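An overview of the molecular structure
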Amino acid sequence: IINPDPSLDDPSVSRYAASADTVTVFLESTLPTVSGSITINGFESGQRLRIDRQGSGKILRVQLDASLTLNGIAKQNCSTNDAGGAIYSAGALSVNDCAFSSCTSTGDGGAIYSTGVLNVDGSQFKGNTSSSGNGGAVSGVAANTLSVP
């Protein structure tokens, strides 16, 4: 089922699809840059949030001195002509129980590129690619901290 959602005033969201266990949001443009401290929980009432970029850009950026925590969100079909197919983070990024699939970048990090602190826990990466050859799923600079329990 694909319907426009009149409750969403964000012009970056073009439509959504819902099933018994998943709500998919199709993005037309990159979401605003994270500049503070934000947590996004993607699993409510038995439904998982899936963000589909439709092969035409990244989902979001995290600026220096900002922090983003993602819990239970699936991200798919992200594609960008720079680093971080789905997410480019210069700040602190925590990814918990998330899934990244079919994300690509011409730079490093097919799904995630991080120059800050990056923590990944219980997450899956499938079919992500980087044409630069550095980090088909995740890449970053030597100064960052990466934790994958």
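Residues numbered from 1 in each chain as written. Predicted model: local features only at pLDDT ≥ 70, side-chain atom pairs only at ≥ 80, totals over all residues. Heavy atoms only, no water.

A tally of regular secondary structure across the chain gives zero helices and 20 strands. Classification of the 149 residues of the chain by burial places 40% in the buried group. Within the chain, contacts between residues at least 6 apart in sequence are counted, and of these 73% link residues at least 24 apart. Summing over all exposed atoms, the chain offers an accessible surface of approximately 7200 Å²; the carbon and sulfur share of this is 50%. (Helix = DSSP H or I, 4+ residues; strand = E, 2+ residues; numbered from the N terminus. Buried < 20%, exposed > 50% of the residue type's maximum accessible area, 1.4 Å probe, protein only. Contact = heavy atoms within 4.5 Å. Areas by Shrake-Rupley, 256 points an atom, 1.4 Å probe, with all protein chains shown as cover.)

Next up on the list: the sheet that holds strand β11 (residues 87–89). With parallel pairing, four strands are arranged side by side in an open sheet as β7-β11-β15-β19. Because the sheet does not close on itself, it has two edges, and the strands there are β7 (60–62) and β19 (138–140). Shown here is a sheet whose adjacent strand axes are inclined to one another by a mean of 15 degrees, direction ignored. As judged from the three bridges shared by strand β15 (residues 112–114) and β19, these two strands associate in the parallel manner. Residue pairing across strands places I112 opposite V138, the latter belonging to β19. (Pairing = 2+ DSSP bridges. Axes fitted to C-alpha atoms, helices over the stretch in contact; angles between N-to-C directions.)

Moving on, we get to the confidence of the model for the chain. Confidence in the prediction of the chain, expressed as mean pLDDT, is 83, and 79% of residues score 70 or more. With pLDDT under 50 throughout, residues 1–13 is counted as low confidence; its partners more than four residues away or in other chains account for 21 contacts. (pLDDT = per-residue confidence, 0-100.)

Looking now at the packing of aromatic side chains. Enumeration over the complete set of coordinates arrives at two aromatic pairs. Relative to Y113, the ring of Y88 lies with its centre 5.3 Å away and its plane at 35 degrees, an arrangement referred to as tilted. Of the two residues, Y88 is situated in strand β11 and Y113 in strand β15; the sequence distance between them amounts to 25 residues. Overall, Y88 belongs to the partly exposed group, its relative accessible area being 24%. Each ring, one from F100 and one from F125, has its centre 5.0 Å from the other, and the planes form 5 degrees; the classification is stacked. Of this pair, F100 sits in strand β13 (residues 99–101) while F125 sits in strand β17 (residues 124–126), placing them 25 residues apart in sequence. F125 sits in the partly exposed class, given a relative accessible area of 28%. (Phe/Tyr/Trp six-rings, centres within 6.5 Å; stacked < 30°, edge-to-face > 60°.)

Attention now moves to the environment of C98. By the element assignment, C98 lies in the loop between β12 (92–96) and β13. The buried category is assigned to C98, whose relative accessible area is 2%. In this structure C98 touches R48, L70, N71, G72, I73, K75, G122, S123 and Q124, once residues within four positions along its chain are discounted.

It is worth spelling out the side chain of D52 at this point. Secondary-structure assignment places D52 in strand β6 (residues 47–52). Buried charge without a partner: D52 forms no salt bridge, and the closest opposite charge is R50, 6.7 Å away. A distance of 2.7 Å separates the side chain of D52 from the backbone nitrogen of Q54, its partner in a polar contact. One polar contact links D52 to Q76, side chain to side chain, over a distance of 2.8 Å. Other than its neighbours up to four places away in sequence, D52 contacts T24, V25, F26, L27, Q76 and N77. (Lys, Arg positive; Asp, Glu negative; His and termini not counted. Salt bridge = Lys/Arg side-chain N within 4 Å of Asp/Glu carboxyl O. Polar contact = N/O pair within 3.5 Å; in protein donor to acceptor, adjacent residues only side chain to side chain.)

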